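Each chain, letter by letter, is given below.
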Amino acid sequence: MDFQGLSSAEAEKLLKRYGLNGIKEQKKHPALILLSKFWNPVAWMLEFTFIAELILGKYVEAYIVIGLLLFNAIISFKQENKAEKALELLKKRLKIIARVLRDGKWIKLSAEELVPGDIIHIRMGDLVPADTQIISGSVLVDQSALTGESQPADRNDGESVYSGSVIKRGEATCKVTATGAESYFGKTAELIKSAKTKGHLEELILKIVRYFVMIDGILVALIFVYALINKMNFDEMLPFALILLVASIPVALPVTFTLAMALASMQLANSGILVTHLSAIEDIASMEELCSDKTGTLTENALALTAFKPLEPFGNEELFAYAMAASDESTQDPIDLSIISYVNSNKIKIPEIGKVIKFIPFDPQTKRAEAVIEKPAGNEKIQMSVIKGSPIIVSQNLNKTDADRVSKESERFEANGYRVIAVMMEDKKTGRFFPVGILGLSDPPRKDSKKLLEELKNLGIRVRMVTGDTELTAKITAKSIGLGEKVCAKENFKNPSGCDVFAGVFPEDKFHLVQGIQKLKKITGMTGDGVNDAPALKQAEVGIAVANATDVAKAAASLILTESGLSNIVEAVKYGRIVYRRMLTYTLNKISKTFQVALFLSLGLIFFGKFVTTPKLILILIFANDFVTMSIANDNAVYSGKPDKWKIKLIVSASLLIAGAWLLYSFAVYCIGYYIINLTLPQVQTLSFLSLVFSAQATVYLVREQRHFYKSKPGNYLMLASALDLIIITLMAYFGILMRNIPFADIAVLFAGTFIYMALLDFIKAPLMKKLA
């Protein structure tokens, strides 16, 4: 059936009249977003401390607390604003593309440019971009997003298909009836949702922090018991106890995570990977298994008809006539296009076999396409069906002799690595099926596939190829890219451990394959492109929609590739592990410093009967630490050669050992300052404060590298933040700002001593970090 479609000039006029096919999103006012930074558990504790300090007349401490709260809120607001802009950019790159008839030619166009009157083509896997009326074809439509009804509905010629529906089967040519605000769904932009999931790492650290608060609560209780026994001043004890609790709160956690993930998503977007679920950045660092599609991922996805064999009594021209009848250019199906392209480029004369009155496009579930042809024969009309698809499926309708002929020729083609398509026809009058011929399509492996598979293997990731092809074809492809030759059928899904390749797999089977691998306790990645791949993409920890994926597959995936092949996945793995390394640095630093500070303050009071440093200086310490730890989000981390896993016991054990070592150092500094150098108590409190600041800085550099600390250069922002931190704190200590001043010589000796102590700890740390890696 011929359709005219709109001209570019007509479409432009209608676009001015109706506007873009979309509605502006209602955005939250920036002021409300900023205010929300002051309404969360971390902020509440700081606000409570601020009010308590004001009531107790500790105004300097109160101002530092509110300064700490404002600093983190403003930085978090700014970084989230950057992340939101990055997300807007991502949404632009994820816009739905429609197949539109303009100026008499089928083109691909952004769905937001559709106007009423446009002729579009929809097929399985599409999210319908506007309200339409079918003018040719039939589809099975999932309207659950609109009506809440779970059962799909059939839609045929003359019936409406609304914006936001999902095409589950079939295809149709439609006329656009309404767009944008006038459409039934009303908002095309919401067809793709960028869900933000709380990552496992963030939950892990918050869990650890809860334990910190519990431990600090016990320490505070011990201090109050000690204070009661020794009749200490309650007005001094209360702010000290509050600050001890505040010291255990990860004030910089939201900022650090927002910054780390925003930077990661922007970096990956620049590398051709769009992140729709931020937790995938963490999960891909732990990914051990990757199930990859063959077509378009490991191969070129440039199908070309390179061999054919008509089966008697049919000849070459008849084979192509029937193959063309079961092909349609508007579907943009690679098999159909390869057949049409071969016939046109070779100027093959196609004999008249009749008029196509019905066409059912290729369906991955049935693995076949079908056309019904009608031909005049005297006073009556004869109908026949032409079926084009998998030889196994086609052969099911043939008698044994014909089925054997198809099987024999198919095996010969497969031995040469061809993707085999069989063509047969059915005489509707007699109901008999006849094999017409065999087509051999080639889809050569990508030039970079072998190298990239080797690289993924070196990163500790096992790649398994998943294909709908026969075992023989799959084996030849796998061998050519160095993947392995152990080919398995879907019956092996429950125990897939020894399989390199899965052949004869339907898209809906992939879900069970992912489950089978996950039962082996493996973090699994899955690539997919079709609507039936969506459940598998959702089930996998890392669902990856490939470059040519349907809108439904993209909506289900957590990562979307914008370029064909696996090269982007390699980059995603490396960057995910870099993020893991940065967050491990933060985690180790936070745990060790929390234990060090809490134990030093509480045990110091119990052992010496004095405050080893003041609450005011602890607040400044938190401020100084947060300033530096935020810059970890952009550190020059080195990715590991194996999948990363969060070994909680090892992390906590390593952190406790580091904390214990620095605790001894802090007590040593206090004792030297008070008993040997004979500094006054306020000066010793300044010296102890400096020891906590210097050791906090040293810990960051100690744990950021699993090898010796000098093996890799820290990030520029980290070094700049450290330098500013140390200079400002040193000047405050020297000039006595908010603390009692001490001689510069004492500060210099303490700094040198801290560096030497860090170098000694570095040799103890190395074996611990190897276990963590």
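Preceding this section is the structure that the text describes.
Residues numbered from 1 in each chain as written. Predicted model: local features only at pLDDT ≥ 70, side-chain atom pairs only at ≥ 80, totals over all residues. Heavy atoms only, no water.

Undergrad: Would you explain the nonpolar core in this entry?
TA: Looking at soluble globular proteins, one finds that nonpolar side chains tend to be buried together. By size, the foremost hydrophobic cluster in this structure holds 85 residues, and its most contacted members are Ile-618, Trp-662, Phe-689, Leu-690, Phe-694 and Ile-729. Not counting the four nearest positions on each side in its chain, Phe-689 is found in contact with Thr-613, Leu-617, Ile-620, Leu-621, Ile-729 and Met-739. With 43 residues, the next largest nonpolar core counts Ala-260, Ile-273, Leu-566 and Val-570 among its residues. (Core = buried A, V, L, I, M, F, W, Y, C linked by side-chain atoms within 4.5 Å. Buried < 20%, exposed > 50% of the residue type's maximum accessible area, 1.4 Å probe, protein only. Contact = heavy atoms within 4.5 Å.)

Undergrad: Sorry if this is basic, but what is going on with the pattern of salt bridges here?
TA: A side chain of one charge can pair with a side chain of the opposite charge when the charged atoms of the two come close. A complete count under the given rule lists 20 salt bridges for this structure. Among the salt bridges present, the one from Lys-400 reaches Asp-404, with a minimum N-O distance of 3.1 Å. With a gap of four residues between them, Lys-400 and Asp-404 both fall in helix 13 (residues 400-415), about one helical turn apart. One salt bridge in this structure joins Glu-426 and Lys-428, with 3.9 Å as the shortest N-O distance. Under the relative-accessibility criterion, Glu-426 is labelled buried at 13%. Overall, Lys-428 belongs to the partly exposed group, its relative accessible area being 39%. (Salt bridge = Lys/Arg side-chain N within 4 Å of Asp/Glu carboxyl O. Helix = DSSP H or I, 4+ residues; strand = E, 2+ residues; numbered from the N terminus.)

Undergrad: It is not clear to me how the packing of helix 22 (residues 681-703) against helix 23 (residues 716-735) should be interpreted in this structure. Could you clarify?
TA: The relative placement of two packed helices comes down to the angle between their axes together with the axis-to-axis distance. The N-to-C vectors of helix 22 and helix 23 enclose an angle of 175°; their axes lie 11 Å apart at closest approach. One element, helix 22, and the other, helix 23, form an angle in the roughly antiparallel class. Taking contact as the criterion, the partners of Thr-686, Phe-689, Leu-690, Val-693, Phe-694, Gln-697, Val-700 and Tyr-701 in helix 22 are, on helix 23, Leu-718, Met-719, Ser-722, Asp-725, Leu-726, Ile-729, Thr-730 and Ala-733. Here the contact of helix 22 with helix 23 is composed, by residue class, of 11 nonpolar, four polar and one charged. (Axes fitted to C-alpha atoms, helices over the stretch in contact; angles between N-to-C directions. Parallel < 35°, antiparallel > 145°, perpendicular 65-115°, else oblique. Nonpolar A, V, L, I, M, F, W, Y, C, P; charged D, E, K, R; others polar.)

Undergrad: Just to check I follow, could you spell out the state of the cysteines for this structure?
TA: Applying the stated criterion to the full structure yields one disulfide. Sulfur-sulfur distance for the disulfide between Cys-488 and Cys-499 comes to 2.1 Å. Taking the sign of the S-S torsion, about -90° here, the bridge from Cys-488 to Cys-499 comes out left-handed. Of the two residues, Cys-488 is situated in strand 17 (residues 487-488) and Cys-499 in the loop between strand 17 and strand 18 (501-502); the sequence distance between them amounts to 11 residues. Note on accessibility: Cys-488 and Cys-499 belong to one class, buried. The thiol sulfur of Cys-291 is not disulfide-bonded, and the nearest other cysteine sulfur, from Cys-499, lies at 11 Å. (Disulfide = S-S within 2.5 Å.)

Undergrad: What exactly am I supposed to notice about helix 9 (residues 279-286) here?
TA: With eight of its eight residues buried, helix 9 lies for the most part within the structure. For helix 9, every residue scored as buried is listed here: Ser-279, Ala-280, Ile-281, Glu-282, Asp-283, Ile-284, Ala-285 and Ser-286.

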